[in-house]
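Summary of the model geometry
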Amino acid sequence: MAFGGVPFYLTLMNGQESLAQNIDRLFFAKNARMSGEFDELFNALFPNAEKYIAVVKALAEHREGLIRPEIIDSTGISGGDLSKILENLQRCDFIDVYSRYKSMVRNSLYRISDPYVLFYFKFIHGNHSKDEHFWSHNINSRQVSAWQGFSFETICQLHLSQIKSRLGIGRIATSACSWRKVGSTAGQGAQIDLLIDRADRDINVCEMKFSETPYAITKDYEERLRTKMAVFRQETKATKSLALTMVTTFGIQPGIHSGIVQNEVLMNDLFAL
């Protein structure tokens, strides 16, 4: 995920080193080969690269994504300039746009879809530690765990067709979208990053979780899931059946709270032919 799957970047890896050693050497060592890659890439691709960088930086700082007015507030870029930037970033697969459930087009969410860009803004941009073994020293940190989770969600979003195939709905007309409600004194907030709204009157409510072992659903997490779906139904007045779908690395650990899950998709399913 740190290399974004780019073949050239992968050729720079040394098979005799561990993944952590490769990342340290390529990103964090003195005069590291990849330390300046982001700026070189954007300046080569786009005129007025600083505006493009400002947009992806704003999006990288908001893992849930931003709607167009929020991008304007964050960057000060608007009008035709912003439209062109967003279009070009989409064409280059740096960002993607997601419709929001039962919402107008102008409320669509823009999110980073390139794993390398996510890695850069999480760990390279603004990192002044000068630790040449930063990755090895922080590999078990909460910061890295959070990035792994968000990157896994991004990978899932990019493999929607495989998720549909695993669920057996590849031939059913669907609409993939997101939904969120901002919390207030009047009610609890909630967010769903991926809804698969189906023509057969079902909706798959997808939760994506990265874990190095089968994922265990706790009592608290089960309650949060039930609350999230209840808030969604209440706010949207959805009448379709809701099917909680867990997309995980190695599946769900059976337990007294796992019965809430109706469908499972595993990491291997995302790369099935």
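Residues numbered from 1 in each chain as written. Predicted model: local features only at pLDDT ≥ 70, side-chain atom pairs only at ≥ 80, totals over all residues. Heavy atoms only, no water.

Things to note about the sheet that holds strand E7 (residues 263-266)
For the record, the criterion: In this scheme, strands are said to pair when DSSP sees at least two bridges between them. Under the DSSP-based scheme used, a helix requires at least four consecutive residues in state H or I and a strand at least two consecutive residues in state E, with every element numbered from the N terminus. Angular values range over 0 to 180 degrees, each being the angle between N-to-C directions of two axes fitted as lines to C-alpha atoms, with helices fitted over their stretch in contact. The contact definition used throughout considers only heavy atoms, calling two residues in contact when any of these lie within 4.5 Å.
Judged by pairing direction, the sheet is mixed, and its seven strands sit side by side in the order E2-E1-E3-E4-E5-E6-E7 without closing on themselves. The sheet is open, and its two edges are formed by strand E2 (109-112) and E7, each paired on a single side. On average, adjacent strands in this sheet sit at an angle of 40° to one another, irrespective of strand direction. Taken together, the four bridges between strand E1 (residues 95-100) and E2 define a ladder with antiparallel strand orientation. Bridge pairing in E2 places Ile95 opposite Ile112. The sheet contacts of helix H10 (residues 160-167) involve strand E3 (174-181), strand E4 (190-198), strand E5 (202-209), strand E6 (241-248) and E7, and relative to E4 the element is tilted by about 65°.

Some words on the pattern of salt bridges
Counted only if it meets this: The working definition used for a salt bridge is a side-chain nitrogen of Lys or Arg within 4 Å of a carboxyl oxygen of Asp or Glu. Any residue under 20% of the maximum accessible area for its type is buried, any over 50% is exposed, and the rest in between are partly exposed; the area is computed with a 1.4 Å probe on protein chains only.
The final tally for this structure, using the stated rule, is 15 salt bridges. Among the salt bridges present, the one from Glu64 reaches Arg180, with a minimum N-O distance of 4.0 Å. Pair noted here: Glu64 is in the loop between helix H4 (49-60) and helix H5 (68-75) and Arg180 is in strand E3, with a separation of 116 residues, a long-range link. When its relative accessible area of 22% is taken as the criterion, Glu64 is described as partly exposed. With its nearest N and O atoms 2.7 Å apart, the salt bridge here joins Asp200 to Arg198. Through salt bridges with shared partners, one network takes in Arg63, Arg111 and Glu153.

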